[in-house]
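Chain and residue survey
The residues making up each chain are set out below.
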Amino acid sequence: MIDFSLSEEQKRLLEKARKFATEEIKPVAIEFDSEGTYPEEILKKAHKLGLMYTNIPKEYGGSGFSYLEHYIITEALNYECPSIAQMMGISHLSMAPIQIGGSEEQKKKFIGTMTKSYRSGCFCLTEPEAGSDAALMQTVAEKKGDGYVINGTKRFITNGKYADLLCLFATIDRSLGTKGICCFAIPRSTPGIEVVKVEDKMGHRALNVAELKFTDVELSAENLIGEEGQGFKLAMMALDRGRVNIAAVCTGIAQKALDEAVEWANTRVQFGQPIGQFQGVHFMLADMNALVVASRAMYLQGGWMLDQDIRCSTEAALAKCFASDAAMKVTTDAVQILAGSGYMKGAIVEKLMRDAKLTQIYEGTNQINRLVAGRGILRKPSVLF
Ligand SMILES: Cc1cc2nc3c(=O)[nH]c(=O)nc-3n(C[C@H](O)[C@H](O)[C@H](O)COP(=O)(O)OP(=O)(O)OC[C@H]3O[C@@H](n4cnc5c(N)ncnc54)[C@H](O)[C@@H]3O)c2cc1C
């Protein structure tokens, strides 16, 4: 009944993702990190090869892979550089509300048009005054005839400068709290959208993150996804998928850090033998490997649940917290094992440690994800069987 083996087709898919990561991402990972480069040529190639919209159904221009397959590919791509790989995979989160709540016509029109380009989408939830407390949002959607006029600012938006399609959350009535929040699909060409700032960051430096201002952005009723007041629920359901995805991202980061540490432990000689021969290093490697394996198991479980259409908010929050804390610990220990050589700029583990930090912050900080998981566990503890 339990089988971790991949089909021949899935093995080919994984091989394709690994080859792409090794040939296209690995050679530029350090350079793009240092320059904060937008990986445009890589995105164009990934788009051509069907590695960009992996989880979007074929009828809307995606590759139509299952969640499980998408997450396995995500780990493989993130292994070489999480910021470049996440620019490839941002549609998984940003298009999820439209995939979940949009009508057939909306999916064809908005997602079907977006997938023709490599510029993908973005997910506009966070605001200057509304981070963890997303329901506090001040971006308003004022009703005008059959349509809406949007005014407000969204902060820390991944792919905000380049995305062709924006998935935006705004409130029609702040006094309604979460029940006033609506979700809108907005093509970039809509007048009134301005990039006011592109962020400079500690890690994930090839990931474009921007602040966007919306001034009198006029939308028609067909831009509204789902019904009025359903936006918050759609955002949370999208984040369930996004959080499993982050667990896969973290597994890629941690596996890479572990592999770098193992290689160093086998080759660096001190006191007349490779440092990997010392028990103190064995213990570190054993703990690191356990964290990688457990993180992988958690994202596989989340992916399996999503493919079975089983709600997985608790499992997704747990996977996100566990795998991101694991990635932080494993990358920190990898720097420790490489010591001075790992601490210097240009060392992969130095970059991975900075990259890992973000995974404890976005898509809900780990404190917020523990709140989500804790509430879910009080209703029903997470058990697989
Ligand atoms: C690089 C990057 C990319 C991002 N991409 C996107 C994106 O594409 N789209 C988007 O919408 N957002 C995005 N975000 C925003 C991200 O989701 C928020 O930064 C995050 O939700 C936290 O919000 P905040 O930074 O305002 O922190 P705050 O909410 O101000 O939190 C500050 C601290 O208080 C803690 N805290 C807050 N409330 C509680 C509580 N109830 N219990 C315990 N502790 C609490 C937090 O855990 C944190 O440690 C991105 C952020 C970054 C850094």
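About the thresholds
Residues numbered from 1 in each chain as written. Predicted model: local features only at pLDDT ≥ 70, side-chain atom pairs only at ≥ 80, totals over all residues. Helix = DSSP H or I, 4+ residues; strand = E, 2+ residues; numbered from the N terminus. Rg over C-alpha atoms; globule rule 2.2 N^0.38 Å. Buried ≥ 20, exposed ≤ 12 C-beta atoms within 10 Å, placed from the backbone. Contact = placed C-beta atoms within 7 Å. Near = placed C-beta within 6 Å. Nonpolar A, V, L, I, M, F, W, Y, C, P; charged D, E, K, R; others polar. Domains from an automatic or database assignment. Axes fitted to C-alpha atoms, helices over the stretch in contact; angles between N-to-C directions. Parallel < 35°, antiparallel > 145°, perpendicular 65-115°, else oblique. Left-handed = near helix turned anticlockwise from the far one by under 90°.

This paragraph deals with the overall build of the protein chain. Across its full length, the protein chain carries 14 helices and 10 strands. Taking 385 residues into account, the globule formula puts the C-alpha radius of gyration at 21 Å, and the protein chain, at 21 Å, falls close to it. When its C-alpha atoms are laid out on the principal axes, the protein chain stretches across 80 × 45 × 40 Å. Residues classed as buried in the protein chain amount to 51% of the 385 residues present. In the protein chain, the share of contacts with a sequence separation of at least 24, taken over all contacts with a separation of at least 6, comes to 75%.

What follows covers unusual backbone geometry. At Asp216, a position not held by glycine, the phi torsion is positive, near 45 degrees. Tracing the chain through its elements places Asp216 in strand E7 (residues 209–219). Positioned with a positive phi, Ala339 is a non-glycine residue whose angle comes to about 50 degrees. Among the structural elements, Ala339 can be located in the loop between helix H11 (313–338) and helix H12 (340–343). Residue classification places Ala339 among the exposed positions, given that 12 C-beta atoms sit within 10 Å.

A separate point is the site of the ligand. Residues in close proximity to the ligand total 21 residues, the closest being Leu125, Gly131, Ser132, Thr158 and Thr365. Taken together, the residues that form the shell around the ligand break down as 11 nonpolar, 8 polar and 2 charged. When residues of the shell around the ligand are assigned to domains, at least three fall in each of domain 2 (121–228) and domain 3 (233–379).

Let us now look at the packing of helix H9 (residues 231–267) against H11. A packed helix pair is summarised by two numbers, namely the angle formed by the two axes and the spacing between the axes. At a minimum axis distance of 8 Å, the contact between H9 and H11 shows a crossing angle of 20 degrees. For the element pair H9 / H11, the angle class is roughly parallel. Remark: the crossing between H9 and H11 carries left-handed chirality. When the residues that make up the contact of H9 with H11 are grouped by side-chain class, the tally is 21 nonpolar, 4 polar and 4 charged.

For helix H5 (residues 82–89), the tally of buried residues reaches 8 of 8 residues, placing the bulk of the element in the interior. If you check which residues of H5 are buried, you get Pro82, Ser83, Ile84, Ala85, Gln86, Met87, Met88 and Gly89.

A few words on the packing of helix H10 (residues 279–307) against H11. Axis separation between H10 and H11 bottoms out at 9 Å; the angle between their running directions is 155 degrees. With respect to their mutual orientation, H10 and H11 come out roughly antiparallel. In the crossing of H10 with H11, the sense of the turn from one axis to the other is left-handed. Contacts from Val281, Met284, Met288, Leu291, Val292, Ala294, Ser295, Met298, Tyr299, Gln301, Gly302 and Met305 of H10 reach H11 at Glu315, Ala316, Leu318, Ala319, Phe322, Ala323, Ala326, Lys329, Val330, Asp333 and Ile337. For the contact of H10 with H11, a count of residues per class yields 17 nonpolar, 3 polar and 3 charged.

According to the domain assignment, the protein chain consists of domain 1 (8–114), domain 2 (121–228) and domain 3 (233–379). Between domain 2 and domain 3, the C-alpha centre-to-centre distance is 30 Å. Listed per partner, the contact involves 9 residues of domain 2 and 8 residues of domain 3. Of the residues assigned to the side of domain 2 that touches domain 3, the class counts are 5 nonpolar, 4 polar and no charged.

Okay, the environment of Thr171 next. Along the chain, Thr171 falls in strand E4 (residues 165–171). Setting aside anything within four residues of it in sequence, one finds Thr171 in contact with Met137, Thr139, Val140, Ala141, Gly180 and Ile181.

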